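Each chain is listed here by its residues.
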Amino acid sequence: MNLKGRDFLTLKDFSSEEINYLVDLGLDLKTKLKSGIPTPLLSGKSLGMIFQKSSTRTRVSFEVGMYQLGGQALFLSSHDLQIDRGEPIEDTARVLSRFLDGILIRTYSHKMVEDLAKYSDVPVINGLTDDFHPTQVIADLITIKEHKGTNKGLKFAYVGDGNNMVHSLMIGGAKVGMNVAIASPEGYLPNAEVVAYAKEQAALNGVSITITQDPFEAVADADVVYTDTWASMGQEAEKEIRAKIFAPYQINQKLLDAAKKDAIVMHCLPAYRGYEITNEVIEGAQSVVFDEAENRMHAHKAILAAIL
Ligand code: CP
Ligand code: NVA
């Protein structure tokens, strides 16, 4: 499998085989790290990391992951770059490409990430936009495989906002052969074009994507129950109104009891206890959220080692 030089903008650009390859590479790098086997696959390489939104996991796991692969990472807050003073992304891309071996960016507009990739000579990684969060999904698929032995044939339920997270989960889930059920309130459903694309991919893999407004229907018989914040970065002003609209979509014990007995609970984090998930559930025996957070680093190392 040769992915060298590829951008990592959305999971649309990766085949089922390529996604499974990244999942297995992440698991392998995790095993090697735990066994003390060094993996200097990117020695002498540099990754620039542009952040226009906050981050705990993505920033730290990419930075440490790059170090563990023998390379280095530079944290580039957009406030301190010339971007926020108006330097075009096209120029930023061409300049940074002369110094770096790869560029990670977390920003609002997905178009900006596409423009960065278009003008950059080095691979660009999407570290989250308003529309997609693909690196998280590689970590999520690793986590599911660790806990369930496979991704294929499972029922994956997502309850909550039809946001960047669910867009990437739907695409990744369909491509690895999971049945994906989504419950979101009216007006907050995932983007129709992304749903149509995910449904096509699901059909190719003999699975389905179902969208409902009933959270109990979505979680019925589920192996995985997933949620995310009701107010993503940039939507802070809507937090209270969303809290009212989304109240029936909270992952609480009653909803979790409608899933399979051995269902695992996932959340990309940061979590808002008492909103999209209760403290009881996130701290409960079925929650794997901290394994999932840890796996960000193993997933990111796989992505970096594969494309840089
Ligand atoms: N899940 C995730 O991307 O976390 P951060 O926002 O902390 O990077
Ligand atoms: N949907 C969330 C994910 C955070 C990792 C957001 O965009 O803020």
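Above this text sits the structure in question.
Residues numbered from 1 in each chain as written. Chains lettered and ligands numbered in written order. Predicted model: local features only at pLDDT ≥ 70, side-chain atom pairs only at ≥ 80, totals over all residues. Heavy atoms only, no water.

Q: Which residues make up the packing of aromatic side chains, and what values go with them?
A: Applying the stated criterion across every chain yields a total of eight aromatic pairs. With 5.6 Å between their ring centres and 35° between their planes, phenylalanine 51 and phenylalanine 75 make a pair best called tilted. With phenylalanine 51 in strand S1 (residues 46–51) and phenylalanine 75 in strand S2 (residues 72–77), this residue pair connects regions lying 24 residues apart in the sequence. On the accessibility criterion, phenylalanine 75 (32% relative accessible area) is partly exposed. The rings of Tyr188, Trp230, Phe246, Tyr249 and Tyr275 are connected pair by pair, giving a single aromatic cluster. Stacked on the ring of tyrosine 197, the Lys or Arg lysine 12 has its end atom at 6.0 Å from the ring centre. (Phe/Tyr/Trp six-rings, centres within 6.5 Å; stacked < 30°, edge-to-face > 60°. Helix = DSSP H or I, 4+ residues; strand = E, 2+ residues; numbered from the N terminus. Buried < 20%, exposed > 50% of the residue type's maximum accessible area, 1.4 Å probe, protein only. Lys NZ or Arg CZ within 6 Å of the ring centre and 35° of its normal.)

Q: Explain the sheet that holds S2 to me, using residue names and the numbers behind them.
A: Read across the open sheet, the four strands follow the order S2-S1-S3-S4; overall the sheet is parallel. In this open sheet, the two edge strands, each paired with only one partner strand, are S2 and strand S4 (124–126). Averaged over all pairs of adjacent strands, the angle between strand axes in this sheet comes to 20°, irrespective of strand direction. (Pairing = 2+ DSSP bridges. Axes fitted to C-alpha atoms, helices over the stretch in contact; angles between N-to-C directions.)

Q: Lay out helix H6 (residues 164–175) with the relevant residues and their values.
A: Here H6 spans 17 Å end to end across 12 residues, near enough to the 16 Å set by a 1.5 Å rise per residue. Among the residues of H6, Asn164, Met165, Val166, His167, Ser168, Leu169, Met170, Ile171, Gly172, Gly173, Ala174 and Lys175 are the ones counted as buried. Among the residues of H6, the N-terminal cap falls to asparagine 163, whose side-chain oxygen and the backbone nitrogen of methionine 165 are separated by 3.0 Å. Of the residues flanking the end of H6, it is glycine 177, one or two places downstream, whose phi is positive at about 85°. (Expected span 1.5 Å × (residues − 1). Polar contact = N/O pair within 3.5 Å; in protein donor to acceptor, adjacent residues only side chain to side chain.)

Q: Describe the sheet that holds strand S7 (residues 209–212), and please don't skip the residues or the numbers.
A: Ordered by their spatial adjacency, five strands build an open sheet running S7-S6-S5-S8-S9, and the pairing between neighbours is parallel. Two strands close off the open sheet at either side, each with one partner strand: S7 and strand S9 (264–267). On average, each strand axis in the sheet is tilted by 20° relative to the strand beside it, whichever way the strands run. Where strand S6 (residues 179–183) lies against S7, four bridges are found, and the strand directions are parallel. When the sheet's bridge partners are listed, alanine 183 is paired in S7 with threonine 212.

Q: Kindly report on the pattern of salt bridges, identifying the contributing residues and their values.
A: Following the criterion strictly, the structure yields 15 salt bridges and no others. In the salt-bridge network here, residues are joined through shared partners; they are Lys30, Lys34, Glu146 and Glu294. (Salt bridge = Lys/Arg side-chain N within 4 Å of Asp/Glu carboxyl O.)

Q: So what's going on with the site of ligand 2? Which residues, and what values?
A: Every residue close to ligand 2 is listed here: Leu128, Asn163, Asn164, Asp228, Thr229, Ser232, Met233 and Leu269. Asparagine 164 is positioned such that a nitrogen or oxygen atom in its side chain is 2.8 Å from an oxygen atom of ligand 2. Within the side chain of aspartate 228, a nitrogen or oxygen atom sits 2.6 Å from a nitrogen atom of ligand 2. Relative to its unbound accessible area of 270 Å², ligand 2 is 95% covered by the protein chains. Looking at side-chain class alone, the shell around ligand 2 contains three nonpolar, four polar and one charged residues. (Near = heavy atom within 4 Å. Areas by Shrake-Rupley, 256 points an atom, 1.4 Å probe, with all protein chains shown as cover. Nonpolar A, V, L, I, M, F, W, Y, C, P; charged D, E, K, R; others polar.)

Q: Describe in detail the nonpolar core, supporting the description with residues and values.
A: The biggest cluster of nonpolar side chains holds 60 residues, and the ones touching the most others in it are Phe8, Ile138, Phe156 and Leu304. Every residue in contact with phenylalanine 8, bar those within four places of it in the chain, is listed here: Phe14, Leu22, Val124, Ile125, Asn126, Pro134, Thr135, Ile138, Ile303 and Ile307. Leu256, Ala259, Leu269 and Val289 belong to the second-largest nonpolar core, a separate cluster that totals 22 residues. (Core = buried A, V, L, I, M, F, W, Y, C linked by side-chain atoms within 4.5 Å. Contact = heavy atoms within 4.5 Å.)

Q: If you had to explain the pairing of strand S5 (residues 155–159) to someone new, which residues and values would you point to?
A: Counting buried positions along S5 gives four out of five residues, so the element sits mostly inside the fold. Where S5 and S6 come together, five bridges link them in parallel fashion. Residue pairing in the sheet places valine 159 in a bridge with alanine 183 of S6. Crossover handedness for the path S5 to H6 to S6: right-handed. Looking at chain direction, S5 and strand S8 (residues 224–227) are connected through three bridges and run parallel. Its bridge partner being in S8, tyrosine 158 is matched across the sheet by tyrosine 226. (Right-handed = clockwise from strand over helix to strand, strands pointing away.)

Q: Now, about unusual backbone geometry: what can you tell me, with residues and values included?
A: Cis geometry is adopted by the peptide bond preceding proline 270, which originates at leucine 269 and carries an omega value of 5°. One can find proline 270 in the loop between S9 and helix H11 (279–282). Of note, the phi angle at aspartate 221 is positive, near 65°, even though the residue is not glycine. Examined against the element boundaries, aspartate 221 turns out to sit in the loop between helix H8 (215–219) and S8. Looking at the secondary structure, you find leucine 269 in the loop between S9 and H11.

Q: I'd love a proper account of the side chain of threonine 92, names of residues and values included.
A: Within the secondary structure, threonine 92 sits in helix H3 (residues 89–99). Since its relative accessible area comes to 7%, threonine 92 is described here as buried. One polar contact links the side chain of threonine 92 to the main-chain carbonyl oxygen of proline 88, over a distance of 3.0 Å. Beyond its immediate stretch of four places on either side in the chain, threonine 92 contacts Ile83 and Glu87.

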